[in-house]
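Residues per chain are reported as follows:
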Amino acid sequence: MRKGSESSGLNARSLRGDRPINEPDQDRFDFGPFSRRIADAIAQRASTPGLVVGVHGAWGTGKTSVLNLIEHFLKHGPERSRVTVIRFNPWWFSASADGLLRAFFGQIIASLPTSTKALQQVRPVMAKLARLLSKLPLGGYEHAAEVAGDLLDGSEPSVEDLRREIDKHVISQRRRFVILVDDLDRLPREDIYQMFRVVKAVADFPRFTYVMAFDPEIVGKALAHYVPDQGRSYIEKIVQVPFAMPEVERERLDHVLFGGLEQVLHPIDSNRFDKQRWCNTYYGGIRALVRSPRDIARFLDTLSVSYAAMRAEVDAIDFVAMEALRVFAPEVHRAIAANPAMFGVGFRLNDDPKKDAVWHQSYLDHLPPDLVEPVKDVLKRTFPRLHAVWGNIHYRVSDEWRRDRRACSDEGFALYFRWSMPSDRLPSAEVRGLLFGASAHIRTVLDRYLVGLPLEKLGRFRRLLTDLDPLLPRVPGSDSAIPLCRELIDRCDEVSALDDPTTKGDLDLPLRWFVEKIVHRELERHPTMSREAFLVAACESCPSLGVVFSFLNDLRLEHTGHPRRAPAPEAERLVGVQVLDRCGELLRERVRRHAQAGSLLDLPEAGWVIVWWRGLDPEAARAWTAELVSDDRALLRLLPCFLRFSSVSTMGDYVGRAEPFMWMSEIRSLGLDPGALRGRVAALAQSAEGREKLAAEAFVKEVDNPRSEPRSDAVDSDSASAGKGGE
């Protein structure tokens, strides 16, 4: 689209729904020359007999605008002093048998000038004619005089007498009367027939011209119900001079639509608006859906409401595309909303593209044949993974899709169909504000956001981490998200403690994994000194020890590697060994203080912390553990630290069952003999409650029936690094 919208010359009225234009300076579709020619022909007509002119066109092609312009040119043309324009819209009046007729004559009588005696005398005569005709049964006015003779006692003039009197008074005037009749094709079929009978009855009034705007297809079908097989012929009997609405040039439709879109989408962020993708989406598909002036008005009306509420949360191009389908191909829009996975959102498509193609054809079959390919083009550009269904190109979900909350991303999809932000998500403007805000601002926003019930708070924290990840810059820069990273790791244990482990299985990722990913990505952008300062500060004071231990272990594995991963090249290592050693000392001292104070088991990820402590200081960890398990109460408190859950399901289940098990390899790594402890633990399980009872029973079961455990990446007890087990 063009920069700015002034060149489009649009105003608010010219873009709204069924409100047509009234003045030539509002004419965006070049209806003016066509309307002026009709107006001039009517005004300059030399003969006096009545005339019926038809303006034919489908719905939405601008017929009402043409009538308005004809009225304007008649009232402002050289013959304006000798022309009286009368507007009649049958859609506004009663659908009773005589309702339209009375309304029609009433409108003419009310509009007749009173400047001459002849026209003053016409009024009562025309009122009498209206009353007489209203008594005629539905069927026709061809024999009006004969029917009237049966209705009247002879003291009143007949229909023919009244018509001759009207002719005499009107023909003496030099004035022309132009009656503009609109919206015929919106009436019920009985009213359409009634309106044509009315016009037929008065069509030959001298100096009267009737301009009727309607869709001949719709009107012809309605009339055929009363004059079988003669619907179009009946129109031809009444309408003497038909004019087809001029075809609006495609380029002009584009020009008007673009101007309106610029108003609706203003301001357009050039950094987020991919002009090439927009042009491809529009010219490849949307253009074929928007075919008439009314289509443009409907589309812009829809967007002006829906986009205003979502402009900060969605990709503008995808939103316009989805709204185009909602307005012009609703079956397709409903299919997308109900089946995101079939459009590559959240899940991959089926392995067999042929099966997917059959499913997609089911909603495409509802479209007119000429719209199938344009709609497919819109879908492929909005949901790129559909290229695998209708072609041989395969896409993976990209960070750019997630960052921009595109319709094809799991993060953005729902926004295009519910037109509101889910309650568990921050608006994107606030998310971006968190990236580079000051610590106090970040803390205030998170305090306000992370409220509610425990599971709501946990879900919001996870969602925030998911939304933040694609927004983080990928290149070095002066802006720093370090304050945000510090706040995230500080809160990680607080939120993790709210999690319900019985709802998690082997496939669930720990919360700290998301935090570590964000922190690692941000530190990559900064110089070594900034990274080292961040790590040292975290090791000194971060309350979430589990996150810090895990992150430190990952950094050391960049140097040492492990059986499933080689050491990272030296240039890609985030920090040096000396910094890791210093951080290890700081963490070892903090864990020692917790152990001495008796608070180590109270940490949210106590099991992981103990295992990593073992990697840093194996002798101290084992000595503390041996002393701890000598006390029955302390042993019961220790066991839940190593309790894990897997998900077990059988055929036909929709939800798996959470199955508890013990992390026995790490218990042994602390110098404990599970077999020797079995009897004590079994006895303690009898009186234990809650999570302690669950852990004790799982311990006994694991000793009696050992299960294969997931391979651990934790280092052995002699290593100086922080260990990290696999969940």
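All values derive from a computational prediction rather than experimental measurement.

*Asks:* Even after reading the chapter, I still don't get the packing of helix α10 (residues 250-265) against helix α12 (residues 293-310), so can you show me in this structure?
*Replies:* To describe two helices that pack against each other, one gives the angle between their axes and the distance between the axes. It is the contact of α10 with α12, at a shortest axis distance of 10 Å, that shows an interaxial angle of 10 degrees. Taken as axis vectors, α10 and α12 run roughly parallel relative to one another. Facing L253, V256, L257, G260, L261, V264 and L265 of α10, the residues of α12 in contact are P293, I296, F299, L300, L303, S304 and Y307. In the contact of α10 with α12, the residues fall into 12 nonpolar, two polar and no charged.

*Asks:* Looking at this model, I keep getting lost on the pattern of salt bridges. Mind explaining?
*Replies:* Opposite charge on two side chains makes pairing possible when the charged atoms of those side chains draw close. On inspection of all chains with the given rule, the structure shows 34 salt bridges. Of the charged contacts, one joins R614 and E666 as a salt bridge, the two residues approaching to 3.0 Å between their closest N and O atoms. Placement of the pair is R614 in helix α27 (residues 606-616) and E666 in helix α30 (residues 664-669), with a sequence separation of 52 residues. In this structure, R614 and E666 share a single accessibility class: buried. Residues E659 and K701 are paired through a salt bridge, measuring 3.2 Å at the closest nitrogen-oxygen approach. Remark: K701 occurs in helix α32 (residues 690-704) and E659 occurs in strand β7 (residues 657-662); sequence separation between them is 42 residues. Connected through shared salt-bridge partners, R277, D315, D318 and R406 make up one network.

*Asks:* How do you make sense of unusual backbone geometry when you look at a structure like this?
*Replies:* In most cases, non-glycine residues show a negative phi, while peptide bonds are predominantly trans. That bond from H266 to P267 is cis: its omega, -5 degrees, falls within 30 degrees of zero. The residue P267 is located in the loop between α10 and α11 (275-289) in this model. Phi is positive for D30, close to 60 degrees, though the residue is something other than glycine. Position of D30 relative to the elements: it lies in the segment before α1 (32-43). Exposure remark for D30: the relative accessible area of 40% places this residue in the partly exposed category. Positive phi, normally seen in glycine, also occurs at R405, with a value near 50 degrees.

Rules used in this analysis
- Residues numbered from 1 in each chain as written.
- Predicted model: local features only at pLDDT ≥ 70, side-chain atom pairs only at ≥ 80, totals over all residues.
- Heavy atoms only, no water.
- Axes fitted to C-alpha atoms, helices over the stretch in contact; angles between N-to-C directions.
- Helix = DSSP H or I, 4+ residues; strand = E, 2+ residues; numbered from the N terminus.
- Parallel < 35°, antiparallel > 145°, perpendicular 65-115°, else oblique.
- Contact = heavy atoms within 4.5 Å.
- Nonpolar A, V, L, I, M, F, W, Y, C, P; charged D, E, K, R; others polar.
- Salt bridge = Lys/Arg side-chain N within 4 Å of Asp/Glu carboxyl O.
- Buried < 20%, exposed > 50% of the residue type's maximum accessible area, 1.4 Å probe, protein only.

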